[in-house]
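Remarks on the overall topology
Given next are the chains, with one letter for each unit.
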Amino acid sequence: MPLAPAGPAHLVRCGQKDELYRSGLRSGAGAALHGLAGTKKWLEWRKEIELLSDVAYFSLTTLSGYQTLGEEYVNIVQVDSSKKRIPSLLRRAILISLHTVLPYLLDKGLIHLEHELQTETSGFRTLQSNGLCGRTLVRSWVQKQVGRLTQQQKKTFLQTVYVLKQCIPLLRRLHLAVFYINGLFYHISKRITGISYLRSPGLPGDDQSIRSSYKLLGIVSLLHLVLTVSVQIYSFQQRQRARQEWKLHRNLSYPKRSVHYAERNFILRN
């Protein structure tokens, strides 16, 4: 009998189980580093340890051609876009990179770029570069590139970084809402690589009531996302309006204050 497509309930349980085992692996690796190197090194390298733990977990399972513990728990297998073949080694490697390495690089890159753009004086930058922010050549390159920007360009890039940091969680929520509606790709990395799941036909699948519940949850999630975006846009517009009004008030009050000081000086001289 041919394998049947895995339903959203299978994918959610698989993701939750994998996250449970990944959390345990991260916790164990972090505890080992904390015991060997102390609290300071653990705080400094915590994100990197979590990344290495996730890469190790998926390398020993997905990259090696085996099921993850979550996939084994619900008895589903990965297939490529043809629905007939196991994903190739290259496709699985891209999947792991998109799922683990890319979010880490994006998070670190935006944090350090925002830090450099917010730096006001070269003395503060030098102090920071001797600490955690000067550990890698990439950070030094970012510092050099930011130093070449004008003040207006720094403000523009800083606003862009802020928008990106706000949009990334919203994009994840949008993807999750779409998954609840169509029940195909639980992770963005699998949507990009086209990797889906099949289940054994002998196992009970998702009945229509369960799928309808997920669709309803997806619609509610979309409505909540639209409301969140609307509130954020309105708050941004209010902040922009308040900033413009403050600048206008400052520009109008400065000439009046100058005239007042000039008149008082003139009266004092006479």
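Quick caveat: nothing in here was measured; it's all calculated off a predicted structure.

Let us now look at the overall build of the chain. Each helix and strand counted, the chain has nine helices and three strands in total. Mapped in sequence order, the helices and strands of the chain form the string β-α-α-α-β-α-α-α-α-α-β-α. Here the analysis covers contacts within the chain between residues at least 6 apart in sequence; of these, 74% occur between residues at least 24 apart. Carbon together with sulfur atoms contributes 64% to the accessible area of the chain, which is approximately 17900 Å² in total.

Further remarks concern the packing of aromatic side chains. For the coordinates displayed, the defined rule picks out four aromatic pairs. A ring pair is formed by Tyr-180 and Tyr-214, whose centres lie 5.9 Å apart and whose planes are at 35°; its orientation type is tilted. Linking Tyr-180 in helix 7 (residues 151-182) with Tyr-214 in helix 9 (residues 208-269), this pair joins segments that are 34 residues apart in sequence. With respect to burial, Tyr-180 and Tyr-214 carry one shared label: buried. Of the aromatic side chains, those joined through ring pairs into one cluster are Phe-179, Tyr-180, Tyr-186 and Tyr-214. Just above the ring of Tyr-73 sits the side chain of Lys-17; from NZ or CZ to the centre is 4.4 Å.

This part covers the confidence of the model for the chain. In the predicted model, the chain carries a mean pLDDT of 83, and 83% of its residues have values of at least 70. Contacts of residues 126-134 to residues separated by more than four positions or lying in other chains number 11 contacts, the stretch itself having pLDDT below 50.

Before going further, it helps to examine the nonpolar core. With 11 residues, the main nonpolar core is built from Ala-6, Ala-9, Leu-11, Val-12, Cys-14, Val-74, Ile-76, Phe-179, Tyr-180, Tyr-197 and Tyr-214. Elements supplying a minimum of two residues to this core: helix 1 (8-37) and helix 7. A total of four residues in this core trace back to one element, the largest contributor, which is helix 1. Residue contacts for Cys-14: discarding those within four places in its chain leaves Thr-68, Gly-70, Glu-71, Val-74 and Ile-76. Leu-110, Leu-117, Val-146 and Val-161 belong to the second largest nonpolar core, which has five residues in total.

We now examine the environment of Tyr-162. By the secondary structure assignment, Tyr-162 is in helix 7. Overall, Tyr-162 belongs to the partly exposed group, its relative accessible area being 38%. Here the alpha-carbon distance between Tyr-162 and Ile-111, two residues 51 residues apart in the chain, equals 10.0 Å.

When the terminal C-alpha atoms of helix 7 are compared, their 46 Å separation across 32 residues agrees well with the 46 Å that a helix rising 1.5 Å per residue should span. What helix 7 keeps buried is the set Lys-154, Val-161, Leu-170, His-175, Ala-177, Phe-179 and Tyr-180. The positive-phi residue at the C-terminal boundary of helix 7 is Gly-183, with phi of around 65°.

Across its 30 residues, helix 4 (residues 89-118) extends 42 Å between first and last C-alpha, which sits within 8% of the 44 Å expected from 1.5 Å per residue. The largest bend in helix 4 is about 40°, located at Leu-98. For helix 4, every residue scored as buried is listed here: Arg-92, Leu-95, Ile-96, His-99, Thr-100, Tyr-104, Lys-108, Leu-110, His-112, Glu-114, Glu-116 and Leu-117.

Rules behind the numbers
Residues numbered from 1 in each chain as written. Predicted model: local features only at pLDDT ≥ 70, side-chain atom pairs only at ≥ 80, totals over all residues. Heavy atoms only, no water. Helix = DSSP H or I, 4+ residues; strand = E, 2+ residues; numbered from the N terminus. Contact = heavy atoms within 4.5 Å. Areas by Shrake-Rupley, 256 points an atom, 1.4 Å probe, with all protein chains shown as cover. Phe/Tyr/Trp six-rings, centres within 6.5 Å; stacked < 30°, edge-to-face > 60°. Buried < 20%, exposed > 50% of the residue type's maximum accessible area, 1.4 Å probe, protein only. Lys NZ or Arg CZ within 6 Å of the ring centre and 35° of its normal. pLDDT = per-residue confidence, 0-100. Core = buried A, V, L, I, M, F, W, Y, C linked by side-chain atoms within 4.5 Å. Expected span 1.5 Å × (residues − 1). Bend = angle between axes of the 7 residues up to and from the residue.

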